[in-house]
Amino acid sequence: MNVEAYMNKLGQSAREASRLVAKAESGVKNKALLAMATALDNSRDALIAANEKDLENGRKNGLDAAMLDRLGLGNATIDGMIEGLRQVVALPDPVGSITDMNYRPSGIQVGKMRVPLGVIGIIYESRPNVTVEAASLCLKSGNATILRGGSEAIHSNQAVAECIRVGLREAGLPAQAVQVVETTDREAVGQLITMPEFVDVIVPRGGKGLIERISRDAKVPVIKHLDGICHVYIDDQADRAKAVNIALNAKTHRYGTCNTMETLLIHVGVAKEVLSDLVDRYFAAGVELRGCEQTRALAPRVNEATESDWSTEYLAPVLSIKIVADIDEAIKHINHYGSHHTDAIVTENYTLSRRFLREVDSSSVVVNASTRFADGFEYGLGAEIGISTDKIHARGPVGLEGLTSQKYVVLGDGHIRQ
């Protein structure tokens, strides 16, 4: 296969399809999504059989248990995919909505209209359910998409893609509105991220290595985040019970997610009391603790933290702990070592909470709640395409609105500029 020619063909087809999808009515897009859900339900045996080929190949190739778990596609996962499609159907369509319409002194009206981005390339690893999530969000937001899943899920993704095509056909939309790359050749990724004439934005979903490579080599704008180095700061005016519950949940609810706390900051005035509550609970949960000198003086069982710990995303049952003098030191630490993802403060002081919201430079800033809430579903966006720590266009969980842009619209009645 000539990969360059193949990817250019996909790109050209996606560009043509994007013009049709952009003007599709909400009812048509919803009809396609519901038909996809029905096709998935009717194709369970074929989906599971295709997935078993990927799992068998994965075992032969030495994929670890965690990777095989993410790769698995059973009835429960299919149920989740179907429910996800129905949730996207229920979400309001952002395309065409007009806001901020105001009269100007000249008599014209000026406002902003939501419009699709065009063609979105999505590169992801392992989980075949991402194929449905990405396709549904891109379609509902009026975009065409090119999906490049990991080679380990090639059979599963192709089986899912057939269900997506069935849904598009039933709604009278072009099959090229959602295209799944059929080759496992890594050159396909290099082509996809360097086709600005066909692709408007790239969304990578995967490990840090994948995202770094795409960010470095892409000639197309990228919506991304590299790390999730998230913090919880417990202030000296925090409610102790709230603080303990939030700190435990932020770390132990799930270890391998980008919104999991990796560093706990504690005000020196309450450090002894808070650590007496938390250390035993973390150890009971199997969490390895690494602390600063002050932390270890109060809790000798905690291992010594190194400079690199403050800038490490563990994605594992490991937590670094630092005692700080005040909120100023906490904010300074977060802005220096953090990844601008999600950071939280626990305090009953309204003024300090407002300072934290204003001064912490992250895509999500949280008061008196766990960092684990930084998620499109929890924010009311429905499914999400990913989380962005960029500052341009989309920031934080990226849902339907994040997959659109705005253009100015002007209404006049024969007005001319004087």
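Each remark here, short or long, concerns the structure printed above.
(A) Structural view of the side chain of Gln191. Summarising the element assignment, Gln191 is placed in helix H8 (residues 187-192). Look at Gln191 and you get buried, because its relative accessible area is 15%.

(B) Representation of the sheet that holds strand E1 (residues 98-103) in the model. Read across the sheet, three strands follow the order E1-E2-E16 without closing on themselves; strand pairing throughout is antiparallel. Edge positions in the sheet fall to E1 and strand E16 (404-411), since each of these pairs with one other strand and no more. Each adjacent strand pair in this sheet contributes to an overall mean axis angle of 20°, direction not counted. Of the strand pairs in this sheet, strand E2 (residues 109-116) and E16 are connected by eight bridges, and their pairing is antiparallel. Across the sheet, the residue bridging to Lys112 is Tyr408, located in E16.

(C) Spotlight on the nonpolar core. The biggest cluster of nonpolar side chains holds 50 residues, and the ones touching the most others in it are Ile122 and Ile385. Ranked by the residues each element gives to this core, the list is headed by helix H6 (residues 129-140), at seven residues. In this structure Ile122 touches Ala134, Cys138, Thr145, Ile146, Leu147, Arg148, Val203 and Ile385, once residues within four positions along its chain are discounted. Grouped together as the second largest cluster of nonpolar side chains are 32 residues, Ala243, Ala247, Ile321 and Ala344 included.

(D) Local environment of the sheet that holds strand E4 (residues 144-148). Ordered in space as E5-E4-E3-E6, the four strands form an open sheet in which the pairing is parallel. Of all the strands in the sheet, the pair left with one neighbour each is strand E5 (178-180) and strand E6 (201-205). Strand-to-strand, the axes of this sheet are offset by a mean angle of 15°, without reference to chain direction. Bridge analysis of strand E3 (residues 119-124) against E6 gives five bridges, and the strand direction is parallel. Among the inter-strand pairings, Ile122 is bridged to a residue of E6, identified as Val203. Packing against the sheet, helix H1 (residues 3-22) makes contact with E3, E4 and E5, and its axis sits at approximately 150° to E4.

(E) Highlighting a nonpolar patch on the surface. Taken together, Phe373, Tyr379 and Leu381 make up a surface patch of nonpolar side chains, about 270 Å² in accessible area. Here Tyr379 shows up in the loop between strand E13 (364-367) and strand E14 (386-388). Given the relative accessible area of 38%, Tyr379 is considered partly exposed.

(F) Quick look at the environment of Glu187. Take Glu187: it is sitting in helix H8. A residue is classified by how much of its surface remains accessible, and Glu187, at 38% relative accessible area, is partly exposed. Linking Glu187 and Glu4, residues 183 residues apart in sequence, is a C-alpha distance of 8.0 Å. In contact with Glu187, other than residues within four places in its own chain, are Val3 and Glu4.

(G) Focus on the packing of aromatic side chains. Scanning all chains against the criterion turns up zero aromatic pairs. Sitting over the face of the ring of Trp310, Lys322 holds its NZ or CZ atom 5.6 Å from the ring centroid.

Scoring rules and cut-offs
Residues numbered from 1 in each chain as written. Predicted model: local features only at pLDDT ≥ 70, side-chain atom pairs only at ≥ 80, totals over all residues. Heavy atoms only, no water. Helix = DSSP H or I, 4+ residues; strand = E, 2+ residues; numbered from the N terminus. Buried < 20%, exposed > 50% of the residue type's maximum accessible area, 1.4 Å probe, protein only. Pairing = 2+ DSSP bridges. Axes fitted to C-alpha atoms, helices over the stretch in contact; angles between N-to-C directions. Core = buried A, V, L, I, M, F, W, Y, C linked by side-chain atoms within 4.5 Å. Contact = heavy atoms within 4.5 Å. Patch = residues over 30% accessible without salt bridge, like charges linked within 9 Å, V, L, I, M, F, W, Y side chains within 5 Å. Areas by Shrake-Rupley, 256 points an atom, 1.4 Å probe, with all protein chains shown as cover. Salt bridge = Lys/Arg side-chain N within 4 Å of Asp/Glu carboxyl O. Phe/Tyr/Trp six-rings, centres within 6.5 Å; stacked < 30°, edge-to-face > 60°. Lys NZ or Arg CZ within 6 Å of the ring centre and 35° of its normal.

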